[in-house]
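Geometric and topological summary
One letter stands for each residue in the lines below.
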Amino acid sequence: MTRAVLVSRSTPPAVTQVDVPEPDEGEALVDVTYSSVNYKDGLALAGNPGVARVDPLVPGIDVVGTVSALGPGVHDVAIGDRVVCNGAGLGETRHGGWAEHAVVPSGALVVLPDGIEDSFAAAIGTAGFTAMLSVLALERLVAPDDGPVLVTGASGGVGTVAIALLAARGYRVTASTGRTTNEASLRRLGATEVVDRSTFAALGKPLQRATWAGAVDSVGGATLANVLAATRWGGAVTACGLAQDSALPTTVMPFILRAVSLLGINSVEAPLPLRQRAWDRLATDLDPALLADVTRTVDLEHAIGVGADVVAGRVHGRTVVDLRA
């Protein structure tokens, strides 16, 4: 048996004992050291059917640990490898990382680069991985000298890592947040300016003063529409979240009059070469000390309560779940 958080539609989430799973073909068993608390984990804990698509479910869209067993036909990883897995159905369509052992698809496992400790990998998690995918997409079209870039949802997991990554590459970053009390922390991450999210919350004109060379948006809705409307000619905006709304109330005007590009980011189904590239860049571009400043660690029992806080927007930065505690 192994200790895990179990979510059921008939009972509240709780820490319990479940059977240790056996890896099937194309799968690996990971002895989990750390996971993390993400927006999707909070939704799963609340029983959101769009996330928790099996019942019961072990949440946790991040897995960090050591490979301890392999299913038939697995050649991607070896027993003893330290690995990370983000998304790939974990905590949605299959049991995830809030357990001492997890079976994961081997084709989504990345062997951790030297220099990335397990706890640092969990602090990065899906949020940081998504931020890195956003930066990789954005830098193809926007250079640091092109002008300021905006990060919305800046106090959240994606936003905090995106600020640090962009600043490390020389971009001038403006952070948009509803929690301006975090301004000092956001500036330490590398933001040169901090603005209140209310600036973007209400839908404005379809074309606005050209301000941003690029942006990383994890909010969606009217915020994303306003960001697109205020993006300069040839600029680019990455979309990776829907904290405000999944609808996008915009027009084609930013695209046909300013040649703005809207770049979708999907961390769940990212192919292995892209996962490896992102983690190689995280190993070189992200300062562990900066991330540690906005990271806290909890055990399984306390992770359950944090999930609701993440969904409500009350958590700044990242929350790591220590499976050894």
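Conventions we followed
Numbering of residues starts from 1 in each chain and follows the order in which that chain's sequence is written. Where local features are concerned, this predicted model is filtered to residues with pLDDT of at least 70; where side-chain atom pairs are given and counted, the filter is 80 or more; whole-chain, interface and lining totals use all residues. Only hydrogens and water are set aside when side-chain values are computed; all heavy atoms of the structure are taken into account. Elements are defined by DSSP. Helices are runs of H or I of four residues or more, strands are runs of E of two residues or more, and each kind is numbered from the N terminus. Only C-alpha atoms enter the radius of gyration; for comparison, a globular chain is expected to reach 2.2 Å times N to the power 0.38, where N is the number of residues. Each residue gets one of three labels from its accessible area relative to the maximum for its type: buried under 20%, exposed over 50%, partly exposed in between, using a 1.4 Å probe on protein chains only. Here, residues are in contact when the closest pair of their heavy atoms is within 4.5 Å. Note that accessible areas follow from Shrake-Rupley with a 1.4 Å probe, and for residues the cover is restricted to the protein chains shown. Here an axis means a line fitted to C-alpha atoms, over the contact stretch when the element is a helix, while the angle between two N-to-C directions is reported on a 0 to 180 degree scale. Just so you know how the angles are binned, under 35 degrees is roughly parallel, over 145 roughly antiparallel, 65 to 115 roughly perpendicular, and the rest oblique. Ten residue types, Ala, Val, Leu, Ile, Met, Phe, Trp, Tyr, Cys and Pro, are classed as nonpolar, four, Asp, Glu, Lys and Arg, as charged, and the remainder, Gly among them, as polar. UniProt positions are given in the numbering used here, feature names are shortened, and annotations may be inferred rather than shown by experiment. We treat two strands as partners when DSSP finds at least two bridges between them. Note on handedness: a crossover is taken as right-handed if, strands pointing away from the viewer, the path from the first strand over the helix to the second is clockwise.

Thoughts on the overall build of the protein chain
When you go through the protein chain residue by residue, the secondary structure sums to 10 helices and 15 strands. Here the C-alpha atoms of the protein chain give a radius of gyration of 19 Å, agreeing with the 20 Å that 2.2 N^0.38 yields for 325 residues. Its C-alpha atoms give the protein chain principal-axis dimensions of about 60 × 40 × 35 Å. Residues classed as buried in the protein chain amount to 53% of the 325 residues present. Taking the contacts inside the protein chain whose residues are at least 6 apart along the sequence as the reference set, 71% of them involve residues at least 24 apart. Accessible surface for the protein chain amounts to roughly 13000 Å². Of this, 52% is attributable to carbon and sulfur atoms.

Quick look at helix α6 (residues 221–229)
Most of α6 is tucked away, with 9 of its 9 residues classed as buried. Of all the positions in α6, only Gly-221, Ala-222, Thr-223, Leu-224, Ala-225, Asn-226, Val-227, Leu-228 and Ala-229 are classed as buried. Looking at the buried residues of α6, the elements they touch are β8 (149–151), α5 (198–201), β11 (212–217), β12 (231–239), α7 (253–257) and β13 (261–264).

Observations regarding the packing of helix α2 (residues 118–138) against helix α8 (residues 272–285)
Helix packing for two helices is described by the angle between their axes and how far apart those axes are. As a packed pair, α2 and α8 sit with axes 9 Å apart at the nearest point and diverge in direction by 105°. Classified by the angle between their axes, α2 and α8 sit roughly perpendicular to one another. The segment α2 lies against α8, with Ala-121, Ile-124, Gly-125, Gly-128, Phe-129, Met-132, Leu-133, Val-135 and Leu-136 engaging Leu-274, Arg-275, Arg-277, Ala-278, Trp-279, Arg-281 and Leu-282. For the contact of α2 with α8, the per-class residue count stands at 11 nonpolar, 2 polar and 3 charged.

Structural notes on the UniProt feature "domain: Enoyl reductase (ER)" (unreviewed entry) in the protein chain
Summarizing the sequence annotation, UniProt attributes the feature "domain: Enoyl reductase (ER)" (unreviewed entry) to residues 10–321 in the numbering used throughout. Across residues 10–321, the secondary structure splits into 31% helix and 25% strand, with the terminal C-alpha atoms separated by 25 Å.

Some details on unusual backbone geometry
The peptide bond linking Asp-55 to Pro-56 adopts the cis configuration, its omega dihedral lying at 0°. Among the structural elements, Pro-56 can be located in the loop between α1 (39–45) and β4 (62–70). One non-glycine residue, Ala-259, adopts positive backbone phi at about 55°. Among the secondary structure elements, Ala-259 is positioned in the loop between α7 and β13. The class for Ala-259 is partly exposed, based on a relative accessible area of 32%.

Considering the pairing of strand β15 (residues 318–322)
In terms of residue burial, β15 counts as a mostly covered element, since 5 of its 5 residues are buried. Burial along β15 is two-sided: Arg-318, Val-320 and Asp-322 facing one way and Thr-319 and Val-321 facing the other are all buried. Both strand β3 (residues 27–36) and β15 contribute to a ladder of 3 bridges, which runs antiparallel. Of the residues in β15, the one forming a bridge with Tyr-34 is Asp-322. Of the pairings in the sheet, the one linking strand β14 (residues 295–298) to β15 comprises 4 bridges and is parallel in character. Along β15, the bridge assignment pairs Arg-296 with Thr-319. The handedness of the β14 to β15 crossover, carried by helix α10 (residues 300–311), is right-handed.

What to know about the side chain of Asp-285
Tracing the backbone shows Asp-285 in helix α8. Those residues in contact with Asp-285, other than ones at most four positions away along the chain, are Leu-165, Ala-168 and Arg-169.

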